[in-house]
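One letter stands for each residue in the lines below.
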Amino acid sequence: MGVPTLGCRCAVCKSADPRDQRTRPSVLLAYGGRNVVIDTTPDFRFQALRAGIDHLDAVVYTHGHADHILGLDDIRPFNLKQRGAVPIYAAPETIGILRRQFAYIFEEAKPGATVPLIDLHTIDGPFDLFGVRFVPIPAMHGPDPVLGFRIGKMAYLTDFSQVPDSSKALLRGLDDFILDALRYVPHPTHSTVEQSLALVAELKPKRAWFTHICHDLGDAETNARLPANVRLSHDGLQFEVEL
Ligand SMILES: [Zn+2]
Ligand SMILES: [Zn+2]
Ligand SMILES: [Zn+2]
């Protein structure tokens with residue numbers, strides 16, 4: 001929902017710490033002059049401006065929930081500037097949701113209308129993007145499937161409640177593991193701080209970064225309670241990874 005959360009007056013929502021202001025979850029992978037975004041959140045336009053990206057080479061989707069897809073319309077300026085479609089990678093279920101939520105993208109273009117131009121690719125296994133291998137990490141998000149991605153020595157796994165053993169095998173030997181940790185209180189479709197700490201202890205990445213954090217967790221006080229190699233991520237956080 002983002003922090004501050006609309007209508008909320010809690011301490012984290014009223015916090016003056018800029019790290020307590022959170023847009024919806026997404027990451028930008030910049031390598032070899034390419035910009036690849038995982039998920040286009042409702043904040044995508046603002047996030048792209050903040051990151052200063054002047055081109056977009058591909059979008060990879062984790063799943064089709066509103067907080068991960070609704071910024072798709074805002075790729076249009078990149079279509080115009082780049083004079084072409086942006087490659088989109090998503091699982092079949094997510095493509096089905098994109099077709100429903102963005103029906104106008106798939107209909108015959110109306111004269112004079114500018115709609116996002118996308119080049120759809122179905123994820124059915126590992127794929128290469130500009131020379132880098134993306135390995136899908138299937139997990140469950142409550143009753144629904146979600147994909148994480150391993151890219152070199154890093155992995156991004158948001159919006160999960162359960163990770164099967166076959167996927168855990170793909171998450172060993174990581175330098176950086178970015179994973180969902182919504183709050184302390186159990187949630188039917190998200191991992192809690194306790195559950196995510198247990199997964200980190202099991203998989204032993206060098207560093208772990210919690211994401212998809214709700215307003216229950218203040219940045220400073222939560223980080224003070226976490227192990228040194230586990231941090232809450234924050235908007236604008238950047239680090240280098242080995243691809
Ligand atoms: Zn709040
Ligand atoms: Zn979700
Ligand atoms: Zn989400």
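Residues numbered from 1 in each chain as written. Chains lettered and ligands numbered in written order. Predicted model: local features only at pLDDT ≥ 70, side-chain atom pairs only at ≥ 80, totals over all residues. Heavy atoms only, no water.

**Student:** Let's hear about the environment of Arg34: which residues, and what values?
**Tutor:** Within the secondary structure, Arg34 is located in strand β2 (residues 34-38). Its relative accessible area of 34% is what places Arg34 among the partly exposed residues. Placed 23 residues apart in sequence, Arg34 and Asp57 show a C-alpha to C-alpha distance of 6.0 Å. Ignoring anything within four residues of it in the chain, the contact list for Arg34 reads Leu29, His55, Asp57 and Phe130. Within the structure, the side chain of Arg34 is placed 3.3 Å from the side chain of Asp57, a separation counted as a polar contact. (Helix = DSSP H or I, 4+ residues; strand = E, 2+ residues; numbered from the N terminus. Buried < 20%, exposed > 50% of the residue type's maximum accessible area, 1.4 Å probe, protein only. Contact = heavy atoms within 4.5 Å. Polar contact = N/O pair within 3.5 Å; in protein donor to acceptor, adjacent residues only side chain to side chain.)

**Student:** I'd like a rundown of the sheet that holds strand β4 (residues 86-90), residues and numbers included.
**Tutor:** Ordered by their spatial adjacency, five strands build an open sheet running β1-β2-β3-β4-β5, and the pairing between neighbours is mixed. Looking at the sheet topology across the chains shown, the edges are occupied by β1 (27-31) and β5 (118-122). Averaged over all neighbouring strand pairs, the angle between strand axes comes to 20 degrees, with direction disregarded. Both β1 and β2 contribute to a ladder of five bridges, which runs antiparallel. Note on β2: the bridge partner recorded for Tyr31 is Arg34. Relative to β5, helix α4 (residues 92-101) is tilted by about 150 degrees, and along the sheet it contacts β4 and β5. (Pairing = 2+ DSSP bridges. Axes fitted to C-alpha atoms, helices over the stretch in contact; angles between N-to-C directions.)

**Student:** How would you explain the coordination of the zinc ion (ligand 2) if you had to name every residue and give the values?
**Tutor:** Listed as protein donors to the zinc ion (ligand 2) are His63 (NE2), His65 (ND1), His141 (NE2) and Asp159 (OD); their distances from the metal cover 2.1 to 2.4 Å. Classification of the site at the zinc ion (ligand 2) rests on its four donor atoms, whose angles at the metal span 90 to 170 degrees, yielding the label irregular. Here the donor residues of the zinc ion (ligand 2) share one chain and are spaced in sequence as H-x1-H-x75-H-x17-D. A separation of 3.4 Å is found between the zinc ion (ligand 2) and the zinc ion (ligand 3), which are bridged by Asp159. Take His63: its relative accessible area is 3%, and that puts it in the buried class. (Donors = N, O, S within 2.8 Å, 3.2 Å for Na, K, Ca; no water. Tetrahedral: all angles 85-135°; square planar, octahedral: opposite > 155°, others 65-115°.)

**Student:** Report on the side chain of His190, specifying residues and quantitative values.
**Tutor:** Considering the arrangement of structural elements, one finds His190 in the loop between β10 (176-180) and α7 (193-203). Here the side chain of His190 touches Asp180 through a polar contact of 2.7 Å, side chain to side chain. Excluding anything up to four places from it in sequence, His190 contacts His141, Asp159, Phe160, Ser161, Asp180, Leu182, Gln195 and His212.

**Student:** So, the environment of Phe239: which residues are in play, and what are the values?
**Tutor:** Along the chain, Phe239 falls in the segment after β12 (230-232). Judged by its relative accessible area of 32%, Phe239 is partly exposed. Excluding anything up to four places from it in sequence, Phe239 contacts Asp176, Ile178 and Trp209.

**Student:** Pulling in residues and values, what's your account of the coordination of the zinc ion (ligand 1)?
**Tutor:** Around a metal, the ideal angle is 109.5 degrees if four donors adopt a tetrahedral arrangement and 90 or 180 degrees if six donors adopt an octahedral arrangement. Distances from the zinc ion (ligand 1) to its protein donors, Cys8 (SG), Cys10 (SG), Cys13 (SG) and His215 (ND1), fall within 2.0 to 2.3 Å. With four donor atoms in place around the zinc ion (ligand 1) and angles of 103 to 117 degrees between them, the coordination shape is tetrahedral. We note that the donor set of the zinc ion (ligand 1) lies within a single chain, spaced as C-x1-C-x2-C-x201-H. Remark: His215 occurs in the loop between β11 (207-211) and α8 (219-225) and Cys10 occurs in the segment before β1; sequence separation between them is 205 residues.

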